[in-house]
Structures are given as C-alpha cells and as structure tokens.
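Residues per chain are reported as follows:
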Amino acid sequence: MTESQNLEPFVQQVRRDILRQVHAVNSGHPGGSLGCTEFFSVLFKEVMQYDINFKPDGENEDIFFLSNGHISPVYYSVLARCGFFDVKELNTFRKINSRLQGHPTTHEGLPGIRIASGSLGQGMSVSIGAAQTKKLNDDEHLVYSLHGDGELQEGQNWEAIMYAGSKGIDNLIATIDHNGQQIDGATKEVMPLNNIKDKFTAFDWQVIEVNDGNDLDQVRNGLRKARQLTGKGKPTVMILNTVMGNGVDYMMHTHEWHGKAPDDELLEKGLAQNPETLGDY
Amino acid sequence: MTIKKINKQMNTFTNTGNIDTRSGFGAGLSELGDKNKNVVALCADLTGSLKMNDFKKKFPERFYQVGIAEANMMGIAAGMTIGGKIPFTGTFANFSTGRVYDQIRQSIAYSGKNVKLCASHAGLTLGEDGATHQILEDIGMMKMLPGMTVINPCDYNQTKAATQAIADHEGPVYLRFGRPKVPNFTAEDQKFEIGKAQILQEGNDVSIFAIGHLVWEALEAAKALQEKGIQAEVINLATIKPLDEKAVIDSAKKTNAVVTAEEHNYYGGLGESVARTLAQHHPTRQEFVATQDTFGESGKPHELLDKYGLNADAIVVKAEKLLG
C-alpha cells in the first residue's frame, strides 16, 4: 500500500464521470457505481501494485476482477483516471464502436479488463483460477475481486466459495458490496441474504466487515487488514457496507437508480453536489 | 485383433483392437503434461471416467479436483489462463456444455480464454445411464459460440493426437469423445491438424462425411456399397469448426451426392455445417445420418446405434436413396 492521500477530489471527479457517462447515453448503472466509488479509489490509488502498461497476463502485479459488471461506469472512470486509457474515451461509453461496452469485456481490448462480466455470479470462480495460477507461477501478488450482495444469489458463487475455503486460496481478497438493494427492491425482500459473515465463516473464509464502505479511512483500514490476513491458508472476504447512489442525494437509500440514468435537470443537481476537481473529460 | 478383409480397390483400414476414445484423451493429456509445463487439468469428480488418473498421478501439483461443481470449474479454468496456464477441463459432455453454457459463453468464449473443454461420454453410446446423460445437442451449442473450435475425433489414436494438438492452438476448444470401446484404425503416430479433413477413401459416386464413432461405420458402409458397385468417398471431418470447406466442396463437386453421419441431433450438428457450406458453394442433395430431434434412452451402445439408425447399414440406405 502506498501512503494515504487526499482522495476526496478524486472520488468527487469519479462521481461526476459516473453521472455524465450514464446521462450521455440515457442508460447504465449509476447506483451501484456510486456506492463503490470510495472502494475503487482506494484500491486503485493506494492499495494495488500494478503496471500502468497493461499486460493481460497480469504476472508479477496485483490484479482485480469486477464480477458485478454492470457497475462499469465507476470501473471505467477509475481506470481512465489512473492512466489505463485517455479519460476522453469515457465519451464513448455504451456507444457504437466503443471499447467501453455496457458491461466490461476483454473483447474490445480495453486496458485494465481481464475478463468479461455482466452475467452475474462468475467472477469468484475466475478470481480463484487467477489466484491458483499466481501460486503455480510463484507470483506473490494478490487477486482482488468485487461482487454485489444480490449477486450472491447466483449458485455458482457458493460452489466457488466452498472451493476457495476448502483449498485454502489465501492470495485472494473478495469484497462484497453490501448495499442491500437489487433491481426489484431490497435484498431482504427479494431474496434475503441474512448473515453473510456467518455464511462465509462456515465455508472457512476469514471475514472483515467495513461498517461504512463509503468512508475512505474505513475502506483503507479494511483493505489493510485484509492484506494482513493473506498467506495464512484461508481466503479473505471483506463485507463492505455501502449506500447505493452515495454522494448524489436523490439516488441514495433506494434501488430506483440501480439501472437508470438521470435526466438533464437531475444531472445538474448531481453534478452541483460534486463540483469538478480534476477536470471533466 | 481383427483384420478386415477388404476389396483390393479399397484402402485398407485395420482395427488394431477396440479401445475407448476417452482413453486416447487420457493418454494424450498425460504425454502433454511432460511436454508442456503450462498444461493444467481440472476435473469435476470424474477422474476415472475421463481417464485423467495418470495425469493426476504424474502431475499432482497441476491437477485440480473441483468436486461436483462444473460451473465453478469453467470459471476457474478461465481465470487460470490469466498468467499463461492452459487448462483442460474434464467431465461428461452433458456437463461440459449445456449445464455450463453461460459460463463458457461469457468467461471463456467472449473473454477469448485459452481453455480446452474436454468432454467424454458424448452421444447415445454412453449407454445404460440413459437420456439424462446422453447429450445430442453439444456440437450445436459449442459451434455457435464465436471463436470456439469444435473437434470430434474418430478413434483412440486420433483422440490422443487431437488432445496434444489443441494445446498448441491459442483459443477455446471443445474436444468431444466417448465412452465405449470402438475400433482403433487411424495411424498411431499421426499428427492432428485442426481444420483439416482426412480423406480415408476416394470414390466418385457418393460422399460420406462422418465424425466420431460414425467414421468407422462410414468405412464399413463404403465396403458394403462397393459390393453393390457404388464407389463411396469417405471423409473424416473431425474438426467440425472450422470446417474444411474446401474438402467438402471438392468432394461434393465430384459426387453430387452427400451423406453426413454423426452421433448427434440433425439440428445443429455436422450435417447442418456441411449443408450450409454446400448451399452457398455447390448445392448438393444430402441425407442425414443423425438422431431425429429426439432424446436417447438406456441400452447397450450398439443397441442404441441400431435403434436410432446410426450405423453402417443406415449410411448405406441413405446413400442408395440418394443414388436411387
């Protein structure tokens, strides 16, 4: 991990990028993206060790997989703002002939992406595979992954969670974006997840909880603790309690903005709450 | 060992002994483990059935038992390619395709991952387990995925050679083979060329394009046809995708009569690939030896092939229908 820095301006600019991307094409997923902005910012700006000259094989560097691919706006913004590609390319989000597909893909060769995701529940298995290959290659870098809480309803996750616990995949840090919302409403109403911590513990994972996943220091501390737990024979999961739509008041505490873009008026309102810091694309 | 007596105008194919194609896969994988240190194997609780025990014994650090969890196996395989490994997944054809279609589609095919999907017990000849396990749709599903190579070799020797060849091919591959002991008649030291048809018998009257267990049946059919004065051309199209279109077109131009033979549904199988090719380049009358949009059932492999019309006799009947 590098030194903590003032990430507020970065976070604020990423929020603007998210809103502007989805507004421009009147589609995409702002809610979950905003909820994970602090996590992405800390992970890519302070925690992960990676080569900015993107190599798909990811050897001798930390690698990250986004399993809940619909929150591509935050992923694209952070990748661009970290230098993987020109921020101007955010203009092409979800448009024809773009590398910034609705859901992330390797197919168009966008730097930073190592697997397609969007059809939910597949990223945990992929992350485990990549972690195993790092072990075979004597590569001591880590694999990070992010999953939605609703996404845990997909059965493949539990095959993967069982496997990682049983096989002691201890170079993997999976994070669960626990915002309690999914398309049809609150997860506790659609399909209750109940005690996620107990579930992972039962599968022999080490569990860290971050009470406020939208607080930069708490995210930092969570990831620091998670790193300390690696290499001890068990996989690690960080349950990140977030607020969907964080930082844009009318999008917070509701599932309504899971997959809906703001109109012109609401865009301006959201942008006013997050003034420009690093320069709009 | 059975030595087949054949007409002197015909090519000689000797069955060096009945053996299962899955054993060809196991032997090929084991040799591959020595040659290529990046090869890793994953299995979903069917190590013995897939004949992966030898690889597991020789390379325990490169063998991954995932339990009865095929979706996870496909995802892990996709992830393991990141960092240069070449994963070979092993389970029955049914669980290698239909059960995990979306995992293959997104994490492997669309993501362009170098995973080798190795599928045993394909088709009716799985036998007594019945229709739940007898997939007859897998070739169709796999060939529709952009970038997927689809191979169904004909015997032990060819399956062994194909297993080794696919490791050198960059990109996802579906390798289909079977459970029963069948004639082993192709060359022991062959090199498998992906996308290259194998002309086993030349003839001018009818083209028989076959894959998998039906290739031997096609040779038997050619002998029976020869006795009736019909010169059949027999071509092994082991690679269904990419299809050797030139071989198909050249043969059809010569014979103007085509029979395709496969242990698969006629929807989505080899027959449709051949028909599409010929419709575009040389429209030709064609008959299909394949299952007729049906599920299978329990029975002995040869009983099932007889009942569902997937044997030499059926090929002869279709050829005569075209020429009649």
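Bear in mind that the values here come from a model prediction, so they are computed numbers and not experimental data.

With that settled, the discussion passes to the pairing of strand 4 (residues 86–92) of chain B. Every other side chain in a regular strand lies on the same face of the sheet, so the side chains alternate between the two faces. Residue and element names in this part refer to chain B. Burial of strand 4 is extensive: seven of the seven residues sit out of reach of the surface. Pairing of strand 2 (residues 39–43) with strand 4, which is carried by five bridges, proceeds in the parallel orientation. Within the sheet, the bridge partner assigned to V39 lies in strand 4 and is I86. Examined bridge by bridge, strand 4 and strand 5 (residues 116–120) share five bridges and lie parallel to one another. When the sheet's bridge partners are listed, F88 is paired in strand 5 with K116.

Here we come to the sheet that holds strand 6 (residues 206–210) of chain A. Residue and element names in this part refer to chain A. A sheet is described by the order of its strands in space; here five strands give the open sequence 1-2-3-7-6, paired in parallel fashion. Strands with a single pairing partner mark the edges of an open sheet, and in this sheet they are strand 1 (63–66) and strand 6. Averaged over all adjacent pairs, the angle separating strand axes in this sheet is 20 degrees, with direction ignored. Two elements, strand 2 (residues 143–148) and strand 3 (residues 172–178), share six bridges in a ladder whose sense is parallel. When the sheet's bridge partners are listed, S145 is paired in strand 3 with A174. Its contacts with the sheet put helix 9 (residues 216–229) on strand 3, strand 6 and strand 7 (236–241), and the angle it makes with strand 6 is roughly 170 degrees.

Moving on, we get to the sheet that holds strand 11 (residues 232–236) of chain B. Residue and element names in this part refer to chain B. Reading across from one edge, 9-11-10-13-14 is the order of the five strands in this open sheet, with mixed pairing throughout. Both edges of this open sheet fall to strand 9 (198–201) and strand 14 (286–291), since each of them pairs with a single strand only. Neighbour-to-neighbour, the strand axes of this sheet turn through a mean angle of 25 degrees, independent of strand direction. Pairing of strand 10 (residues 206–210) with strand 11, which is carried by five bridges, proceeds in the parallel orientation. Across the sheet, the residue bridging to A210 is N236, located in strand 11. Against the sheet, helix 9 (residues 245–255) engages strand 10, strand 11 and strand 13 (258–265), with an angle of about 155 degrees to strand 10. Running at roughly 145 degrees to strand 13, helix 10 (residues 270–281) makes contact with strand 10, strand 13 and strand 14 of the sheet.

All names here are of chain A. Its place among the elements puts E159 in helix 6 (residues 155–167). The class of E159 is buried, set by 24 C-beta atoms lying within 10 Å. Each C-alpha atom, one on E159 and one on I169, is 14 Å from the other, the two residues being 10 residues apart in sequence.

With that settled, consider the packing of helix 6 of chain A against helix 3 (residues 70–80) of chain B. Packing of helix 6 of chain A against helix 3 of chain B brings their axes to within 8 Å, and their N-to-C directions diverge by 70 degrees. As far as their axial angle goes, helix 3 of chain B and helix 6 of chain A are roughly perpendicular. Packed against helix 6 of chain A, whose contacting residues are A:Q156, A:E159, A:A160 and A:Y163, the element helix 3 of chain B presents B:A71, B:N72 and B:G75 at the interface. For the contact of helix 6 of chain A with helix 3 of chain B, the residue count by class is three nonpolar, three polar and one charged.

Reading the values: the criteria
Residues numbered from 1 in each chain as written. Chains lettered and ligands numbered in written order. Predicted model: local features only at pLDDT ≥ 70, side-chain atom pairs only at ≥ 80, totals over all residues. Buried ≥ 20, exposed ≤ 12 C-beta atoms within 10 Å, placed from the backbone. Helix = DSSP H or I, 4+ residues; strand = E, 2+ residues; numbered from the N terminus. Pairing = 2+ DSSP bridges. Axes fitted to C-alpha atoms, helices over the stretch in contact; angles between N-to-C directions. Contact = placed C-beta atoms within 7 Å. Parallel < 35°, antiparallel > 145°, perpendicular 65-115°, else oblique. Nonpolar A, V, L, I, M, F, W, Y, C, P; charged D, E, K, R; others polar.

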